Amino acid sequence: MPPMFGSALISGLVIGGFYSLVGAGLNLIFGVIKIINFAQGAMLTIGAYLTYWFVITTKLDPYLALPFVALVLAFFGFIIQKTLINRVLGQERTSQLLITFGIALAIQNTTLALWGPDIRSVNTFISDKTFEVSGIRVGATAAMALLGALIVLLGLFLFLSRTRMGTAIRAVAQQADSALLSGIDVKKVYAIAFAIGSGLVGVASVLIVPIYDVYPLVGEHFGIISFIVVVLGGLGNIQGAAIAGVFLGVIQNLFAVYVSDSLSTAILFFIFLITLLFRPQGIFVRKMRVS
Amino acid sequence: MTTSILSIEGITKSFGGLDVLKGITLEVEQGSITGIIGPNGAGKSTLFDIITGYQKSDRGSILFEGENIAGLSPHLFARRGLIRTFQLTRVFPHLTVAENLLVFADGKNSAGAAGTKDKAVELLEFVHLIGLANAEASTLSYGQLKLLELAQVLMHSPKLLLLDEPFAGINPGLIDKIIQHLRDLNKQGMTIVLIEHNLPMVASLCDSIAVVSNGIIEIVGPPDVVVNNPRVKEVFLGG
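Residues numbered from 1 in each chain as written. Chains lettered and ligands numbered in written order. Predicted model: local features only at pLDDT ≥ 70, side-chain atom pairs only at ≥ 80, totals over all residues. Heavy atoms only, no water.

Draft legend 1. Representation of helix 11 (residues 266-278) of chain A. All names here are of chain A. Given a rise of 1.5 Å per residue, 13 residues ought to cover 18 Å, and the 18 Å separating the end C-alpha atoms of helix 11 matches this to within 8%. Of the positions making up helix 11, those classed as buried are Ile267, Leu268, Ile271 and Thr275. Taken around the axis of helix 11, the buried residues stretch over an arc of 105°, which confines them to a single face. Turned more than 90 degrees from where helix 11 packs its buried face, Phe270 and Leu277 sit exposed. (Helix = DSSP H or I, 4+ residues; strand = E, 2+ residues; numbered from the N terminus. Expected span 1.5 Å × (residues − 1). Buried < 20%, exposed > 50% of the residue type's maximum accessible area, 1.4 Å probe, protein only. Arc of directions from axis to C-beta.)

Now the structure itself:
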């Protein structure tokens, strides 16, 4: 494999892993609660700053922040669903659409007020380590990000398909009326789904911080791309979102290396438009549908 | 002395000025099988929706085991032992047939997970769906969906079971078997209320029949009394 292609592929897989995590979370929330979480990117910003704050305060490695950040974001998501979103469910669509948009703006402005616009960075004990695979040099942080995303997504699939709570989540996503009938507290399941979707963003943010700088809009790019992931993977299709994220990451990087770096993000939006026009149900098989 | 498991008193419901229920009062005796019959649009399914919390009544009260249950979330009804089926089935389309049943397991099976699984297998055998246990529910026919829905609610072992047209679309050969099973469950203590259009079938199965028409209960009583009522004969048996 040519080294340049190999490097672009690896980088694409890494960024694709982030897209998958954030997109799978967004798709889980949409699939179960049927609301579009415009705050998904802003949640990633919170996760990035929490990781930064953890490192500064404890002097520990950022990867050790993973359980803390994932749990804090999951709890934050749970509270948002319980206190804000559950209140607007059943109301007109505009309220449901605008509430997460409002949450996103509140988060962005709060992070700006708390930490200012300065760009910060965080190093891990493996920041300057690399290793070689088939002549291709791979950064240890990139490998860690890819491995982390893979493990967490696999865990999510197993949770949804093998556990009682996972089955309940899928049941609520597909037929909330019948789920109520069976005795499932649907609003609690909504909050759990929102917590899981937010927790996935928490994992992504810890894996991102050693690679990307931390600043108030760090999550915005990933938040926007996660919508392309959801459309490409199919609404409510978690597995589709995971594959779509990786696919988009690889396409973006290969395009940047071989065609045009400056148009590498634009190509994703072109794919987004083409998908919406010709295959709005998404392009991947519907293996793990929650809805 | 018999006691009521369900007491419905003066239930009214309007939709945009149209009075669908105009003061329904009905007592369901513990351990009975009660049939509700009436023409389409009489308000039978709306009554089920109100009993199970899917819709709120404008006026009236509903007591389940002596406790006012008006305003409770529907998921709490199932936990208290009151469960229903829908006229149009609402199973989980992308779960397997087996998963559809397991969602309805109440988690209190004394034999644990193995007991729950055994019960699911037993019910799937009973409704002739055991061969389709791993198939997605979306691949089933309408009749099979009705059977799956019946198995789901039986999975919950309810005290009071409300069935909305349970025999619609089901193979006639299987209907007799289901009726027998409902009788057996009733003998074990389960109270059953069912909406059904087939008057002879309701008469043979039920202890009591309530006739709903124009939003009120016109007649209620034992099957022989109701079936021989001239008004019922006119509407259901063509005179």
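Moving on, there is more to tell.
Draft legend 2. Just the side chain of Thr141 of chain A, in detail. Positionally, Thr141 of chain A belongs in helix 5 (residues 140-162). With residues up to four places along the chain from it excluded, the contact list for Thr141 of chain A reads Tyr63, Thr124, Ile126, Ser127, Pro210 and Ile211 of chain A. (Contact = heavy atoms within 4.5 Å.)

Draft legend 3. Quick peek at the sheet that holds strand 2 (residues 18-29) of chain B. All names here are of chain B. An order of 2-1-4-5 is seen for the 4 strands of this open sheet, with the pairing classed as antiparallel. Of all the strands in the sheet, just strand 2 and strand 5 (67-68) have a single pairing partner and so form its edges. The pairing of strand 1 (residues 4-15) with strand 4 (residues 59-64) spans 5 bridges and is classified as antiparallel. The partner of Thr12 across the bridge, within strand 4, is Arg59. (Pairing = 2+ DSSP bridges.)

Draft legend 4. Structural view of the domain arrangement of chain B. Residue and element names in this part refer to chain B. Domain annotation for chain B reports domain 1 (1-80 + 157-238) and domain 2 (87-156). Relative to domain 2, the C-alpha centre of domain 1 lies at a distance of 24 Å. In this complex, domain 1 contributes 19 residues to the contact, which on the side of domain 2 involves 15 residues. Note on domain 1 versus domain 2: buried area summed over both sides is about 1500 Å², and carbon and sulfur give 63% of it. (Domains from an automatic or database assignment. Buried area = accessible area lost by both parts, 1.4 Å probe.)

Draft legend 5. Just the interface of chain B and chain A, in detail. Taken together, the contacts link 22 residues of chain B with 18 residues of chain A. In total, about 1800 Å² of surface goes out of reach between chain B and chain A, with carbon and sulfur atoms giving 58% of it. In this assembly, chain B and chain A are joined by 2 salt bridges. The partner of Arg90 of chain B in a salt bridge is Asp177 of chain A, with the nearest N and O atoms 2.3 Å apart. Counting across the interface, chain B meets chain A through 10 residue pairs in polar contact (both at pLDDT 80 or more). Those elements giving two or more residues to the side of chain B that touches chain A turn out to be helix 2 (74-80), strand 6 (82-84) and helix 3 (97-103) of chain B. Top element by residues in the side of chain B that touches chain A is helix 2 of chain B. It accounts for 4 residues. (Salt bridge = Lys/Arg side-chain N within 4 Å of Asp/Glu carboxyl O. Polar contact = N/O pair within 3.5 Å; in protein donor to acceptor, adjacent residues only side chain to side chain.)

Draft legend 6. Seen up close, helix 6 (residues 172-187) of chain B. All names here are of chain B. For helix 6, spanning 16 residues, the distance from its first C-alpha to its last is 23 Å, which sits close to the expected 22 Å at 1.5 Å a residue. Buried within helix 6 we find Leu174, Ile175, Ile178, Ile179, Leu182, Leu185 and Asn186. The buried residues of helix 6 occupy an angular sector of 145° when the element is viewed end-on, so they sit on one face. Exposed positions of helix 6 whose direction lies more than 90 degrees from the buried face are Gly173, Asp176 and Lys187. In the segment just after helix 6, Gly189 is the residue with positive phi, at about 120°.

Draft legend 7. Spatial organisation of the nonpolar core. Val32 of chain A together with Leu161, Ile178 and Leu182 of chain B are the most contacted members of the largest nonpolar core, which totals 140 residues. For this core, the element with the most residues is helix 8 (residues 186-208) of chain A, which contributes 13 residues. In this structure, this core is formed jointly by two domains, domain 1 (1-80 + 157-238) and domain 2 (87-156) of chain B, each of which donates at least three residues. What Val32 of chain A contacts, discounting residues up to four positions off in sequence, is Ile169, Val172, Ala173, Val189, Tyr190 and Ala193 of chain A. Listed in part, the 27 residues of the second largest apolar core include Ile50, Ile51, Leu160 and Ile217 of chain B. (Core = buried A, V, L, I, M, F, W, Y, C linked by side-chain atoms within 4.5 Å.)

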